[in-house]
Amino acid sequence: MASGSLRLPLPGTRGGTASARARRRRRLRTLAFLSPWLAGFGLFFVYPLAATVYFSFTRYNLFTLEYVGLDNYTYLLHDRDAWTAMRNTLWLVAVLVPLRVLFGLGVAQLLTRIKRGAGVLRSILYLPYLVPPVSATVAFVFLLNPGTGPFQTVAARLGIPLPDFFNDAAWAKPGLTLLGLWAVGDVMIIMLAALLNVPASLYEAAAIDGAGAWARFRHITLPTVSPVLAFSAVTGVIETLQYFTQPMVAGKVASGRADLPGVQYSPGYPDGSTLTFPQWLYDQGFRQFNMGYACVLALVMFATAMAFTVFLLRRFRAFAGEEAQ
């Protein structure tokens, strides 16, 4: 080796020991800064998840605890109400989430083209999202009521037959979808922010090259806002898998039991069409006190959310990669 060249300290030498100590101090310092987050993660995620897995193998009613092995999982395979709730929830995920993302993107795209009154229109479109879910659902059910709803009255005068939303099992979930599209302000706002951040120079260069409106949207807008699309899709799936308040309130109001104190209401009116997976989980855990079986339902919902999240992130990454090439 030539004289004056850099010599690295060998392991076990004084220089190597000092370097190892410095790395160890950096790790300990990093762990010290991360310790609040690690403590919260362990206390509020790892421990509840581990406890849920443990209780799923037991028959637990808050007073007695009995190990039953895989009985709760076996019972899930024969629970018709659980499968009905899962089908309804997956229907909402497959229909409501894409429509909310597309509708929010379309409204945001429209707002970027409006020159006057865009701020006022933006506020008007965002306001429905701020309405409390219970109040919004009650108002929506009354508006679409076939006897007293103004929409039905106007449609009847125009000779346009409208379905009996929230009282017809075939139209209850589409009615909930309309409610979700009405309160699309949250998706619209983040889509609008993403669209406003797309560089105008890209559109100008594409227009000079002869690209039409669809080509510019396909090859410039969508790849640029794809992270926001992924975020909206993933959070939409997670929120829809936890869809509880709106279908519960809609079923209660439509069935006429919302203002009857002391009357026990079984979710799902009409004919189980509004029964969602979180509702069945709540019914089993906090009404029937089958906590062990409720833990199985919670694990199924968690696994479903993780599967959807991984699938969507991979699809959006593949889409972004194709566009980058």
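Higher on the page you've got the structure.
This structure is a prediction, so every number in the text was calculated from the model and none was measured.

A few words now on the overall build of the protein. A count of helical and extended segments in the protein gives 13 helices and two strands. In terms of C-alpha radius of gyration, the protein reaches 27 Å, well past the compact-globule figure of 20 Å for 325 residues. Along the first, second and third principal axes, the C-alpha atoms of the protein reach 100 × 70 × 30 Å. Put simply, 67% of the contacts in the protein that link residues at least 6 apart link residues at least 24 apart. Looking at the protein as shown, the accessible area adds up to about 20000 Å², and 65% of this sits on carbon and sulfur atoms. Side chains of the protein carry 27 positive and 15 negative charges; the gap between the two charge centres is 19 Å.

Take the packing of helix α8 (residues 185-196) against helix α10 (residues 213-241) next. Direction vectors running N to C along α8 and α10 enclose 150°, while the axes themselves pass 9 Å from each other. Comparing the axis directions of α8 and α10 gives the class roughly antiparallel. Crossing hand, α8 versus α10: right-handed. Only Thr221, Val225, Val228, Leu229, Phe231 and Ser232 of α10 make contact with α8, whose side of the interface consists of Val187, Ile190, Met191, Ala194 and Leu195. In terms of residue class, the contact of α8 with α10 is made up of nine nonpolar, two polar and no charged.

What follows covers the nonpolar core. Counting residues in each nonpolar core, the largest one holds 20 residues, and the members touching the most others are Trp280 and Leu297. Within the residue set of this core, elements represented by two or more residues are α3 (80-113), α10, α12 (277-287) and α13 (291-324). Broken down by element, the residue count for this core peaks at six residues, all from α13. Excluding residues within four positions of it along the chain, Trp280 makes contact with Asp79, Asp81, Ala82, Ala85, Leu275, Tyr293 and Leu297. The next biggest cluster of nonpolar side chains, apart from the first, holds 18 residues, and it includes Val184, Val198, Ile220 and Val225.

Looking at the element boundaries, Leu192 is found in helix α8. Considering only alpha carbons, one finds Leu192 and Gln109, 83 residues apart in sequence, at a separation of 7.0 Å. Setting aside chain neighbours within four positions, we find Leu192 in contact with Ala108, Leu111, Thr112 and Arg122.

This brings us to unusual backbone geometry. The amide bond that connects Tyr269 to the next residue, Pro270, takes the cis arrangement and shows omega of 0°. Looking at the element boundaries, Pro270 is found in the loop between α11 (245-255) and α12. You will see that Phe166, though not glycine, has its phi angle at about 70°, which is positive. Tracing the sequence through the fold places Phe166 in the loop between α6 (150-157) and α7 (172-182). Judged by its relative accessible area of 2%, Phe166 is buried. One non-glycine residue, Phe289, adopts positive backbone phi at about 60°.

Definitions and limits used
- Residues numbered from 1 in each chain as written.
- Predicted model: local features only at pLDDT ≥ 70, side-chain atom pairs only at ≥ 80, totals over all residues.
- Heavy atoms only, no water.
- Helix = DSSP H or I, 4+ residues; strand = E, 2+ residues; numbered from the N terminus.
- Rg over C-alpha atoms; globule rule 2.2 N^0.38 Å.
- Contact = heavy atoms within 4.5 Å.
- Areas by Shrake-Rupley, 256 points an atom, 1.4 Å probe, with all protein chains shown as cover.
- Lys, Arg positive; Asp, Glu negative; His and termini not counted.
- Charge placed at Lys NZ, Arg CZ, Asp CG, Glu CD.
- Axes fitted to C-alpha atoms, helices over the stretch in contact; angles between N-to-C directions.
- Parallel < 35°, antiparallel > 145°, perpendicular 65-115°, else oblique.
- Left-handed = near helix turned anticlockwise from the far one by under 90°.
- Nonpolar A, V, L, I, M, F, W, Y, C, P; charged D, E, K, R; others polar.
- Core = buried A, V, L, I, M, F, W, Y, C linked by side-chain atoms within 4.5 Å.
- Buried < 20%, exposed > 50% of the residue type's maximum accessible area, 1.4 Å probe, protein only.

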